[in-house]
Amino acid sequence: MKYLSIIRWALMLISALTIVLYFAGAVTSVDMMLNWAYIVLGIAIVCVVVFPAYTLALNPKGAIRSLVGLLILLVVLGVCYALGSSDTVVTAGSVYENPVQLKVTDMGLYATYIALAAAILSIIVCEIRNSFK
């Protein structure tokens, strides 16, 4: 696992260097920072896909819990999408009429509320459980 620490520090160093170069005026364009962000995003996407697949190959029984968690997440997102409204939104200077965008926005809001409630509930339950130990 030592190589992961080295990779993490190298990525942080390069990221800090791009920020320093930008604010020092050595780079007048944001393109270098955006390109670096795209590279780091690509690395993250590859890691998110490759490492779980590798872990799944090593421990297929442990993958069942992950799949159950993913299934629960998909059900919650599906319920949130179904609860979302596609009614037109009128603000001071804009009118939003795209029904898919409106439903997805509502889905994100409802999912955030559910995640916040679950986090608060888990904190309370864990504290109560730990107080009896």
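Because the structure is a prediction, the values reported are computed rather than measured.

Turning to the side chain of Asp 106, a few remarks are in order. With respect to the helices and strands, the residue Asp 106 is situated in helix H4 (residues 99-131). Buried charge Asp 106 goes without a salt bridge, the closest partner of opposite sign being Lys 103 at 7.3 Å. Excluding residues within four positions of it along the chain, Asp 106 makes contact with Gly 84 and Ser 85.

Attention now goes to H4. If you check H4, its first and last C-alpha atoms are 48 Å apart, about what 33 residues at 1.5 Å a residue would give, namely 48 Å. Turning to H4, its buried residues are Leu 102, Lys 103, Asp 106, Met 107 and Ala 111. Tucked into the core, H4 has its buried residues touching helix H3 (60-83), strand E1 (89-90) and strand E2 (95-96). N-capping of H4 is provided by Asn 98, with a side-chain oxygen placed 3.2 Å from the backbone N of Val 100.

Our next topic: the packing of H3 against H4. Angle between the axes and distance between the axes are the two parameters that describe a pair of packed helices. Viewed as axis vectors pointing N to C, H3 and H4 meet at an angle of 125°, and their least axial separation amounts to 8 Å. Judged on the interaxial angle alone, H4 and H3 are oblique. The element H3 and its partner H4 pack so that their crossing is right-handed. Facing H3, whose interface residues are Val 76, Leu 77, Cys 80, Tyr 81, Ala 82 and Leu 83, H4 presents Lys 103, Val 104, Met 107, Tyr 110, Ala 111 and Ile 114. Of the residues belonging to the contact of H3 with H4, the class tally is 11 nonpolar, no polar and 1 charged.

So, about the confidence of the model for the chain. Confidence in the prediction for the chain averages 86 pLDDT; 99% of positions are at 70 or higher. When mean pLDDT is taken per element in the chain, H4 scores highest with 94 and helix H2 (residues 31-58) scores lowest with 83.

Conventions we followed
Residues numbered from 1 in each chain as written. Predicted model: local features only at pLDDT ≥ 70, side-chain atom pairs only at ≥ 80, totals over all residues. Heavy atoms only, no water. Helix = DSSP H or I, 4+ residues; strand = E, 2+ residues; numbered from the N terminus. Buried < 20%, exposed > 50% of the residue type's maximum accessible area, 1.4 Å probe, protein only. Lys, Arg positive; Asp, Glu negative; His and termini not counted. Salt bridge = Lys/Arg side-chain N within 4 Å of Asp/Glu carboxyl O. Contact = heavy atoms within 4.5 Å. Expected span 1.5 Å × (residues − 1). Polar contact = N/O pair within 3.5 Å; in protein donor to acceptor, adjacent residues only side chain to side chain. Axes fitted to C-alpha atoms, helices over the stretch in contact; angles between N-to-C directions. Parallel < 35°, antiparallel > 145°, perpendicular 65-115°, else oblique. Left-handed = near helix turned anticlockwise from the far one by under 90°. Nonpolar A, V, L, I, M, F, W, Y, C, P; charged D, E, K, R; others polar. pLDDT = per-residue confidence, 0-100.

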